[in-house]
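Letter by letter, the chains look like this.
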Amino acid sequence: MRKKVTLALVVIAVAVALFLAFRTPSPPQPGSQNAAAATGPGGRPARPLPREKPAVGLDGELKGPSFSEQTPGQKVFSAPWGSGPGDLGRDRPEEGNPLGPMSVAADSRGRIHVLDGVNGRISRRDADGNPAGSIKVDYMEPQDLAIGEDGTSAVLDRFTEKSVAVYDESGTLRGELPLEGEGISDVGEVTGVFVDGTDVYVEREHAQLVRVGDTSGQVADPQIEVPGRPSRDGLSWLKAGITDAPTGRLYVTAIDRPTNQHRFTRELRLKVLVHSILLLDSDKAGTIYLATEVEPSGGPPVIVLSCLEPLKGVPIGGAVLPTNTLPEESFRDFTVLDEGGVIHALRTEQGVTYTRYDCE
Amino acid sequence: MWSRVCSSSLAIVVALASAGSFGCAATPQDPDSEELTEDVGVQGEGVSGSLPVGTELIATGNVNLRSSATTNSSVLHVVPSGSKVVVQSAQPSNGFYKVKHNGTLGWSYGQYYEPTGGSSGSVQNGATMTATADVNLRKGPGTSYDVILVVPMGDSVNVADPTPQNGFYKLTYQGKTGWSSGKYYSQGGSSGGSSGGGSSGGGSSDPGSGSAVIDAAMTRAKAGVGFSYWWGHGRFKPEGPTSSTKGSCSGSCPNCSHSGSWGGDCSGFVAKVWQVPASNDTLTEDSHPYSTADFVKDTSQWKTVARDKLKVADAMVYRSGGSGHIFLYSKGDGWGSMYAYECRGCSAGCIAGYRTASSSYHGIRRQGY
């Protein structure tokens, strides 16, 4: 009798242990990608990888983020408006386009680079947000920035110089890559600059990318085109688009890089008015980040951040962020960290705050 | 006793497992997302035959966009049902049309598309309609009915019954009476023509507005591209700038320096394009009748328009604390960015290109546009 009761208690204990095991994410194993992600640059512990899906409610409906509840982020740093070493520049002409920091990018060391065009520089911060110097940019109105693995900075100027300037880590100009050729019939259609390995690309109409040169400053000849943005795990070309703005239908496409075969097109249905897509990028593990400015009925616009797994694009988490409402134009308010998570730039009348968000 | 203990244990295990399923999800398809594949079977009439470049089509099902005009070519992405594409080449190949979808050029099978626009609702009995694409004339009001003949694009038909059924009109063509989808007809007897211009993509050319007044405005806007920013002015040449006429600007306006006698600031540019007031109708005459302080308020000459209702030649304006900017809207892209014509500032001058605009801006439309 006693043995039977003991056996029953063991069964219960095993059941409880199994429950706890499935409930809690497993710790990363040494040598795995998860282990690599467990500690971010600068020794800062990375946030745990998101669960595959948010919890299922009792009604069986999968629950995503509520648009009315913004996700708490982790402030990395703030910079006031100005021209001093720790400032960022802003210009509001009486009858002209207001400008502020136009772009932001993170490098493989976790440093954050801000394209402070008004002050003619790229302002750098380390992974903890501490000032880490700056390099001078000669362009009068630079618009976008991409950072290579070796610290190369590629700076896009569509309208005055009509080229991409390539600077080395120390800020020495290596060369200028003109925005011309068969793939770039209209510089106004260029929608971003990207660095993948040693290749420098510009994007055309948020679709194909055109290789304009390399990080040594050498102009590409001939130009080649690739079908989308390079994912950071090296495995995909990514594209996204709005199918129907009023109903919030979007799609994300991944093309397999080694084979150039279509891997998936996934439609996301946010069921809310969509204004614009603000981010499409990935981290080193291949997780895809898509940020969309939406306007819920009766509410102010917000940004919905969606994280998708790389094989089928299945959503694995999300976040809700405040959106920029000031008039200063920007090209890129987001950057994705290699380890996962995003940095978002929010402009206020006091300055700019850079906040980290992770998909939950 | 033992059976009770086992039953209780089992119940506990089941209860805990169920509770666990509410806390940790498996990998189900998210009902708020769906992996798209090309639909099996065609949903509508499709398109066939030559179509004017710039024709806008709407996908009636999920359809592959391919790298060339064959099912053996690679898929670039799946065009979601309801998406709009713009025809890039008039002649189909193998039933495939060269189209642009959200900036991506490719080939897509015509049977998965229909023209946008077209006719709907009651029309006058005996009225004339014109086919905007090759379209089937059928024995009944639906695609399940046999085809009598194909009405070629540009040919006129007569309405035999003013009330459509299932979106199909009863029509008479060359002595034959049958039914055709209203999506493929424009009203009136004009020959040819597409059912609408592209609204996404199409290179640097603007979508056709269908309005001569608006087209003329955009011609003026394009003429301004390349001129220098000239604070407090608005004067442009219809043939555009040359190296000797474009002028130059330096410094920070209003304390900037301008050389040359052509160019404008943002509001001078828009006023010239819009020809407001009516007396401001000569592109080559310098004038600056309004600033952004004027444009930001509705008047008898322009009114606020919702951002999601913007169309070509509308403007976006902001004004705050003595500063402001205004630019002309031409088209949107697949990300919600706007292709704009604007005199941006001293360093960039007057340019055209994609940009974003925060909620600080609102849309305005010139009266009569």
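In this report, we go over the structure that sits alongside the text. (Residues numbered from 1 in each chain as written. Chains lettered and ligands numbered in written order. Predicted model: local features only at pLDDT ≥ 70, side-chain atom pairs only at ≥ 80, totals over all residues. Heavy atoms only, no water.)

1. Section: the state of the cysteines
Residues and elements named next belong to chain B.
Stage number 1. Applying the stated criterion across every chain, the model contains four disulfides over all chains.
Stage number 2. A sulfur-sulfur distance of 1.9 Å marks the disulfide that ties Cys253 to Cys256. Handedness here is read from the sign of the S-S torsion; for Cys253 and Cys256, about 105 degrees, the answer is right-handed.
Stage number 3. Among the residues examined, Cys253 registers a relative accessible area of 13% and is labelled buried.
Stage number 4. For Cys343, the disulfide goes to Cys350, at an S-S distance of 2.1 Å. On the S-S bond that ties Cys343 to Cys350, the torsion sits near 100 degrees, and the link is right-handed.
Stage number 5. Taking relative accessible area as the criterion, Cys343 reaches 0% and is therefore assigned buried.
Stage number 6. The buried category is assigned to Cys350, whose relative accessible area is 2%.
Stage number 7. In chain B, the cysteines engaged in disulfides, taken in order along the sequence, are linked 1-5, 2-3, 4-6.
Stage number 8. Of the cysteine sulfurs around Cys266, a residue in no disulfide, the closest is that of Cys343, at 7.8 Å.
Stage number 9. Note on Cys266: relative accessible area 0%, which makes it buried. (Disulfide = S-S within 2.5 Å. Buried < 20%, exposed > 50% of the residue type's maximum accessible area, 1.4 Å probe, protein only.)

2. Let's talk about the pairing of strand 9 (residues 128-131) of chain B
Residue and element names in this part refer to chain B.
Stage number 1. Here strand 9 pairs with strand 12 (residues 156-165) via three bridges, running antiparallel. Counterpart to Met129 in the pairing with strand 12 is Val157.
Stage number 2. Note that strand 9 and strand 15 (residues 185-187) share three bridges and pair antiparallel. What sits directly across from Met129, in strand 15, is Gln187. (Pairing = 2+ DSSP bridges. Helix = DSSP H or I, 4+ residues; strand = E, 2+ residues; numbered from the N terminus.)

3. Focus on the pattern of salt bridges
Pairs can form between side chains of opposite charge whenever their charged atoms are close.
Residues and elements named next belong to chain A.
Stage number 1. Scanning all chains against the criterion turns up 40 salt bridges over all chains.
Stage number 2. The shortest N-O distance in the salt bridge between Arg232 and Asp338 comes to 2.8 Å. Taken together, the positions of Arg232 in the loop between strand 14 (229-230) and strand 15 (236-244) and Asp338 in the loop between strand 22 (334-336) and strand 23 (342-347) put the pair 106 residues apart, joining distant regions of the chain.
Stage number 3. According to the relative accessible area criterion, Arg232 is partly exposed, its value standing at 21%.
Stage number 4. With a shortest N-O distance of 3.1 Å, Arg356 and Asp358 are connected by a salt bridge. (Salt bridge = Lys/Arg side-chain N within 4 Å of Asp/Glu carboxyl O.)

4. A look at the packing of helix 2 (residues 212-224) of chain B against helix 3 (residues 266-274) of chain B
Residue and element names in this part refer to chain B.
Stage number 1. For the pair helix 2 and helix 3, the least separation of the axes is 8 Å and the interaxial angle reads 145 degrees. When the axes of helix 2 and helix 3 are compared, the crossing they make is right-handed. Counting all contacts with helix 2, which are made through Ala217, Arg220, Ala221 and Gly224, the residues of helix 3 involved are Phe269, Lys272 and Val273.
Stage number 2. A class-by-class count of the residues in the contact of helix 2 with helix 3 yields four nonpolar, one polar and two charged. (Axes fitted to C-alpha atoms, helices over the stretch in contact; angles between N-to-C directions. Left-handed = near helix turned anticlockwise from the far one by under 90°. Contact = heavy atoms within 4.5 Å. Nonpolar A, V, L, I, M, F, W, Y, C, P; charged D, E, K, R; others polar.)

5. Remarks on the pairing of strand 24 (residues 351-357) of chain A
Residue and element names in this part refer to chain A.
Stage number 1. Within strand 24, six of the seven residues are buried, which leaves the element mostly enclosed by the surrounding structure.
Stage number 2. As paired elements, strand 1 (residues 74-80) and strand 24 share six bridges and run antiparallel to each other. Across the sheet, residue Ser78 finds its bridge partner in strand 24, namely Thr353.
Stage number 3. In this sheet, strand 24 lies alongside strand 23 in antiparallel orientation, the contact comprising six bridges. Note that in strand 24 the partner of His344 across the bridge is Thr355.
Stage number 4. Between the antiparallel neighbours strand 23 and strand 24 lie three residues.

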